[in-house]
Amino acid sequence: QVSLVESGGGSVQAGGSLRLSCEASGNIYARTCMAWYHQAPGKEREPVAAIYNRNGKTLVRASVKGRFTIAQEKGSDTMIMDMRSLKPEDTAIYYCGADSTDCVGRSWLNGMQFWGKGTQVTVSS
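Residues numbered from 1 in each chain as written. Predicted model: local features only at pLDDT ≥ 70, side-chain atom pairs only at ≥ 80, totals over all residues. Heavy atoms only, no water.

**Side note on the pairing of strand S4 (residues 33–39)**
- Counted residue by residue, S4 has six buried out of seven residues, so it is predominantly covered.
- Where S4 and strand S5 (residues 46–52) come together, six bridges link them in antiparallel fashion. Directly across from tryptophan 36, in S5, lies its bridge partner alanine 49.
- As defined by bridge partners, S4 adjoins strand S9 (residues 92–99) across seven bridges and the pair is classed as antiparallel. Residue tryptophan 36 lies in a different strand from S9, and its bridge partner there is cysteine 96. (Buried < 20%, exposed > 50% of the residue type's maximum accessible area, 1.4 Å probe, protein only. Helix = DSSP H or I, 4+ residues; strand = E, 2+ residues; numbered from the N terminus. Pairing = 2+ DSSP bridges.)

So this is what it looks like as structure tokens:
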């Protein structure tokens, strides 16, 4: 139906940068809204950023606002998230999600329909 494959995770020092990528395939109408979530050990998966490709609107959680930027590559099935000024508290598995509905307008309520397997981001002090 929809396949999502993340890449770009790794280990960095605090203050460093990473670019996460999500390559999507399958029914394009089932992935009009794309998002990044993360999950730290012992915690629930939570949203980080989202982009609704029908109108280009984005949503970024307060804790990463000004540091992370989400975008859809023009004419591509790849969604990226540029992360800079990384902090140890950003350490988590980052998951790509996709949905056929406006995940930005609903502020991530009810989650996403499809998920990738995740990519690990580790930020050391």
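**Notes on unusual backbone geometry**
- With a phi close to 50 degrees, serine 107 is a non-glycine residue in the positive phi region.
- With respect to the helices, strands and loops of the structure, serine 107 is situated in the loop between S9 and strand S10 (114–115).
- Residue classification places serine 107 among the partly exposed positions, given a relative accessible area of 47%.

**Thoughts on the side chain of aspartate 90**
- Examined against the element boundaries, aspartate 90 turns out to sit in the loop between strand S8 (78–83) and S9.
- From its side chain, aspartate 90 meets the backbone nitrogen of lysine 87 in a polar contact 2.8 Å long.
- Setting aside chain neighbours within four positions, we find aspartate 90 in contact with His38, Val64, Arg67, Phe68, Ser85, Val121 and Val123. (Polar contact = N/O pair within 3.5 Å; in protein donor to acceptor, adjacent residues only side chain to side chain. Contact = heavy atoms within 4.5 Å.)

**Thoughts on the sheet that holds strand S7 (residues 68–72)**
- Taken in spatial order, the four strands make up an open sheet running S1-S3-S8-S7, and their pairing is antiparallel. Each having just a single partner strand, strand S1 (2–7) and S7 make up the two edges of the open sheet. When the angles between neighbouring strand axes are averaged without regard to direction, this sheet yields 15 degrees. (Axes fitted to C-alpha atoms, helices over the stretch in contact; angles between N-to-C directions.)

**What about the state of the cysteines?**
- By the definition in use, this model includes two disulfides.
- Bridging cysteine 22 to cysteine 96, the disulfide has an S-S length of 2.0 Å. Here cysteine 22 and cysteine 96 share a disulfide; its torsion about the S-S bond, -75 degrees, makes the bridge left-handed. Of this pair, cysteine 22 sits in strand S3 (residues 18–26) while cysteine 96 sits in strand S9, placing them 74 residues apart in sequence.
- A relative accessible area of 0% places cysteine 22 in the buried class.
- Classification of cysteine 96 by relative accessible area gives buried; the value is 0%.
- Between the sulfur atoms of cysteine 33 and its disulfide partner cysteine 103 the distance amounts to 1.8 Å. When the S-S torsion is -85 degrees, as for the bridge of cysteine 33 with cysteine 103, the disulfide is left-handed. Here the residue cysteine 33 occupies a position in strand S4, and cysteine 103 occupies one in the loop between S9 and S10, the gap between them amounting to 70 residues. (Disulfide = S-S within 2.5 Å.)

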